[in-house]
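Single-letter residue listing:
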Amino acid sequence: MTKDLSWLTKRPIAHRGLHDLNRQVWENTLSAFRLAVEKNFAIECDLQLSADRVPVVIHDDDLKRLTGVDAAVWQRTAAELRALKVGGTQDHVPLLDDLLDLVRGRVPLVIELKGVAGHDDGFVEAVAARLNAYRGDVAIMSFDHWLIRDFRAHMPDIPAGLTAYGRDNRLVEGHFSMLAHGLDFTSYAAGDLPNPFVGFVRERLKMPVITWTVRDRPAVDLTFRYADQMTFEGFDPDALGIAATS
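Residues numbered from 1 in each chain as written. Predicted model: local features only at pLDDT ≥ 70, side-chain atom pairs only at ≥ 80, totals over all residues. Heavy atoms only, no water.

### A look at the overall build of the chain
Working step 1: Each helix and strand counted, the chain has nine helices and nine strands in total.
Working step 2: Taken over the C-alpha trace, the chain has a radius of gyration of 17 Å; the compact-globule value for 246 residues is 18 Å, and the two agree within 12%.
Working step 3: Referenced to the eigenvectors of the C-alpha coordinate spread, the extents of the chain come out at roughly 45 × 40 × 35 Å.
Working step 4: A buried classification covers 54% of the 246 residues belonging to the chain.
Working step 5: Contacts in the chain between residues at least 24 apart in sequence constitute 58% of all its contacts with a sequence separation of at least 6.
Working step 6: With 28 positive and 35 negative side-chain charges, the chain shows a separation of 4 Å between the mean positions of the two kinds. (Helix = DSSP H or I, 4+ residues; strand = E, 2+ residues; numbered from the N terminus. Rg over C-alpha atoms; globule rule 2.2 N^0.38 Å. Buried < 20%, exposed > 50% of the residue type's maximum accessible area, 1.4 Å probe, protein only. Contact = heavy atoms within 4.5 Å. Lys, Arg positive; Asp, Glu negative; His and termini not counted. Charge placed at Lys NZ, Arg CZ, Asp CG, Glu CD.)

So this is what it looks like as structure tokens:
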């Protein structure tokens, strides 16, 4: 049965939540996610795995930029990570559980799994344990082919995507190879449109394509010429009258 993914492209997707480029509201925090919900934007976020195998919401595998701590995410437990303040604000590094409890199905979630080779055993299973019980529109994606290969085994009913970039033939051939793993959509770098892979999956496979990360008008124009929806940051799409292609 073909999954109905109309929700994925209905509204713009706030990159790491609706933050203000880390001036006052920082990326991948509950404050940024709360603002996205209030504005009815879908939410994109990043997951990594803690030392005790709990999915946490953070982009970098190194904690220095976001928390000032000189350590890797995988070296700290979930409790230790959750105690860290982000950017000196009152926001702490959230767990996936915190995000799900906050959103509660009110807007779609597009969740990227960021693996660390050698330190992410059980990552997909840990995410699956939470998302399979979640009531709301949610999709998973990754750059990491070794994680994508496990998506279907553990989350067969959750839409799965490839996060990708590039026009180089070698890269594009690698993207095509991932279609064998039951992908439902792709998230592609806006600046690398158009390209043969995106054209094929969108036109021949009728697969939704979202873009990352849209920060200016040229990227908006590329998105809505060659894809179906954007993952944005640094501006308000509603103020520009940008919503969806349909």
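### Here we look at the environment of R215
Working step 1: Within the secondary structure layout, R215 lies in the loop between β8 (209-214) and α9 (217-226).
Working step 2: Ignoring sequence-local partners within four residues, the contact set of R215 consists of E233 and F235.
Working step 3: Side chain to side chain, R215 and E233 meet in a polar contact 2.7 Å long. (Polar contact = N/O pair within 3.5 Å; in protein donor to acceptor, adjacent residues only side chain to side chain.)

### What about the side chain of T163?
Working step 1: Mapped onto the elements, T163 comes out in strand β6 (residues 160-164).
Working step 2: With sequence-adjacent residues up to four places away left out, T163 is seen in contact with E112, M141, S142, F143, S187 and W212.

### Examining helix α6 (residues 145-154)
Working step 1: Residues L147, I148 and F151 constitute the buried set of α6. Considered in projection along α6, the buried side chains sweep an arc of 100° and stay on one side of the axis.
Working step 2: Considering only its buried residues, α6 is in contact with β4 (109-113), α5 (123-131), β5 (138-142) and β6. (Arc of directions from axis to C-beta.)

### Some points on helix α8 (residues 196-203)
Working step 1: Among the residues of α8, those classed as buried are F197, V198 and V201. The arc that holds the buried residues of α8, viewed along the axis, is 95°, so those residues lie on one side. What points out from α8, more than 90 degrees from its buried face, is the exposed set P196 and E203.
Working step 2: Against β6, α7 (169-177), β7 (185-189), β8 and α9 lie the buried residues of α8.
Working step 3: N-capping of α8 is provided by N195, with a side-chain oxygen placed 3.1 Å from the backbone N of F197.

### Comments concerning the pairing of β7
In regular strands, side chains alternate between the two faces of the sheet.
Working step 1: Judged by how many residues are buried, β7 sits mostly within the fold: five of five residues are covered.
Working step 2: Two strands pair when backbone bridges link them, and β6 and β7 are joined in this way by four bridges, in the parallel orientation. Bridge pairing links L162 to T186 in β7.
Working step 3: For the segment spanning β6, α7 and β7, crossover handedness is right-handed.
Working step 4: Between the parallel pair β7 and β8, the chain is carried across by α8, and the sense of this crossover is right-handed. (Pairing = 2+ DSSP bridges. Right-handed = clockwise from strand over helix to strand, strands pointing away.)

### With respect to the nonpolar core
Working step 1: By size, the foremost hydrophobic cluster in this structure holds 66 residues, and its most contacted members are L109, I111, L113, L131, F151, M155 and F185.
Working step 2: Residues within four places of L109 in sequence aside, it is in contact with W7, I43, L99, L100, V103, Y134, D137, V138 and A139.
Working step 3: V56, I58, L81 and L95 belong to the second-largest nonpolar core, a separate cluster that totals 14 residues. (Core = buried A, V, L, I, M, F, W, Y, C linked by side-chain atoms within 4.5 Å.)

### Overview of the environment of N195
Working step 1: Inspection of the secondary structure puts N195 in the loop between β7 and α8.
Working step 2: For the pair N195 and N169, spaced 26 residues apart in the sequence, the C-alpha separation amounts to 9.9 Å.
Working step 3: Not counting chain neighbours up to four residues away, the residues in contact with N195 comprise G166, R167 and Y188.
Working step 4: A polar side-chain atom of N195 sits 3.1 Å from the main-chain amide nitrogen of F197.

### Section: the packing of aromatic side chains
Working step 1: Throughout the structure, instances matching the rule amount to seven aromatic pairs.
Working step 2: Where F176 meets F197, the ring centres are 5.2 Å apart and the plane angle is 85°; that geometry is what we call edge-to-face. Separated by 21 residues along the polypeptide, F176 in helix α7 and F197 in helix α8 bring together distant segments of the chain.
Working step 3: Taking the relative accessible area as the measure of exposure, F176 reaches 31% and is therefore partly exposed. (Phe/Tyr/Trp six-rings, centres within 6.5 Å; stacked < 30°, edge-to-face > 60°.)

Interpretation note: all reported values are geometric properties and have no functional meaning in isolation.
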